[in-house]
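Listed below, chain by chain, are the residues.
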Amino acid sequence: MEKLNQRIEVMNHLALGMDGIVDKYLIPIETNWQPSDFLPDPSKDSFFDEVKELQQAARELPYDYWAVLIGDMITEEALPTYESSIMVVQGVDMINEPHGWARWTRAWTAEENRHGDLLNKYIYLSGRVNMKAVETSTQYLIADGFDIKTDDDPYKTFVYTSFQELATNISHRRTGALAKKHGNASLSKMCAMIAADEMRHHKAYKSFITSIFELDPSDMMVAFADMMKQKIVMPAHFLRELNGEKGGIYGHFSDAAQRLGVYTGKDYIDILEILLNDWNISTMTGLNGAAEKAQDYLMRLPDRLTRLTERIKVPELEYKFSWVD
Ligand SMILES: [Fe+2]
Ligand SMILES: [Fe+2]
């Protein structure tokens, strides 16, 4: 009970600065980009020519690339899962607190919603994809939810989102760079715009944890270590295809991402090191015994993970997804 109150107190304190947080990390809706800024306009005569051009450029992208782009898109489309999981976190009150954490959650969701929207329309127009199979996977993923083990703990939840927003920044950035390499400048631009959003979101969530460390360092340290002990599970880990088992194709999606170099085991370690560094974990003092142990665990983790990752081999064979013919 005492722990719960402390977390809610910390959250209420942070919520006092919510206007500043929203202004600093989110872009006003009036000036923000929208998916249609980057897509052919169906109300124009040039629409069909532009779609033809888009489809021609799409032909240059290899099989694994489609698997990864579609998997990324489905992950974005499962946004209802992410919004609802943050709304139930301690200190977030959707009903009684319209100007605090619920406001952040809604405004963040509203920015995120553009990502799946843009990728979905691009993928649909590309003509390369079995759209019904993709949509079926999306419906499954939203229905299946996820199990990221953050409970309703704001400390664990914001560690997860700090990590995950940077992971998505990396993967969208790399799919963008690869699109450029294959001569697809417009897709490259779309991915870059999404990646830039993810970076702002990453910085926002990271700043929440920085503030929590100032207010409640020992519990924050323990929560960070707990999250890393159980590993940061990707939000698409329940990914499946029609009539497939829950989570049945997540491994294939992740293998494709590793083969392409879009998101690898090394990236996981790099993100961890960035967080350790930005939150000044190694030099933090004034911790209780449990927190000192957690700090020690965290500081040793990158080396341990590096040794483990070196031993893992990524399968070379492409898996045949129902999404792409
Ligand atoms: Fe996103
Ligand atoms: Fe995101």
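Notes on the structure follow. All values reported here derive from a predicted model rather than from experimental measurement. (Residues numbered from 1 in each chain as written. Chains lettered and ligands numbered in written order. Predicted model: local features only at pLDDT ≥ 70, side-chain atom pairs only at ≥ 80, totals over all residues. Heavy atoms only, no water.)

1. Quick notes on the environment of Thr 306
So, point 1. On the secondary structure map, Thr 306 appears in helix α13 (residues 289-311).
So, point 2. Overall, the relative accessible area of 31% leaves Thr 306 in the partly exposed class.
So, point 3. It is 43 Å that separates the C-alpha atoms of Thr 306 and Glu 97, two residues lying 209 residues apart in sequence. (Helix = DSSP H or I, 4+ residues; strand = E, 2+ residues; numbered from the N terminus. Buried < 20%, exposed > 50% of the residue type's maximum accessible area, 1.4 Å probe, protein only.)

2. Topic: empty space enclosed by the protein
So, point 1. The final tally for this structure, using the stated rule, is one cavity of 30 Å³ or more.
So, point 2. Of the volumes computed, that of the largest cavity is approximately 230 Å³.
So, point 3. Together, 19 residues line the largest cavity, and Tyr 82, Trp 108, Gln 164, Glu 165 and Pro 235 are the ones closest to its centre.
So, point 4. For the lining of the largest cavity, the secondary-structure elements that each account for two or more residues are α4 (63-77), α5 (79-87), α6 (101-126) and α8 (154-181).
So, point 5. The leading source of residues in the lining of the largest cavity is α8, at six residues.
So, point 6. Residues that form the lining of the largest cavity fall into these classes: eight nonpolar, seven polar and four charged. (1 Å grid on protein atoms, 1.4 Å probe; cavity = no way out; pocket = protein on both sides within 12 Å on 5 of 7 lines; lining within 4 Å. Points joined across faces, edges and corners; volume = space filled by probe spheres on them. Nonpolar A, V, L, I, M, F, W, Y, C, P; charged D, E, K, R; others polar.)

3. Let's talk about the coordination of the iron ion (ligand 2)
So, point 1. Bound to the iron ion (ligand 2) are the protein donor atoms Glu 112 (OE), Glu 165 (OE) and Glu 198 (OE), situated 2.0 to 2.2 Å from the metal.
So, point 2. Donor residues for the iron ion (ligand 2) sit on one chain with the sequence pattern E-x52-E-x32-E. (Donors = N, O, S within 2.8 Å, 3.2 Å for Na, K, Ca; no water.)

4. With respect to the coordination of the iron ion (ligand 1)
So, point 1. Protein coordination at the iron ion (ligand 1) comes from Glu 76 (OE), Glu 76 (OE), Glu 112 (OE), His 115 (ND1) and Glu 198 (OE), with a distance range of 2.1 to 2.4 Å.
So, point 2. Between the iron ion (ligand 1) and the iron ion (ligand 2), both coordinated by Glu 112, there is a metal-metal distance of 3.3 Å. With His 115 in helix α6 and Glu 198 in helix α9 (residues 185-215), this pair connects stretches of sequence that are 83 residues apart. Of the two residues, His 115 and Glu 198, neither departs from the other in class, the shared state being buried.

5. Comments concerning the pattern of salt bridges
So, point 1. Enumeration according to the criterion identifies 16 salt bridges in this entry.
So, point 2. Taking the shortest distance from any N to any O, the salt bridge between Asp 41 and Lys 44 comes out at 3.4 Å.
So, point 3. You can call Asp 41 partly exposed: its relative accessible area is 29%.
So, point 4. With its nearest N and O atoms 2.6 Å apart, the salt bridge here joins Asp 278 to Lys 206. Remark: Lys 206 occurs in helix α9 and Asp 278 occurs in helix α12 (residues 265-278); sequence separation between them is 72 residues.
So, point 5. Judged by relative accessible area, which is 34%, Asp 278 ranks as partly exposed.
So, point 6. With a relative accessible area of 14%, Lys 206 lands in the buried category. (Salt bridge = Lys/Arg side-chain N within 4 Å of Asp/Glu carboxyl O.)

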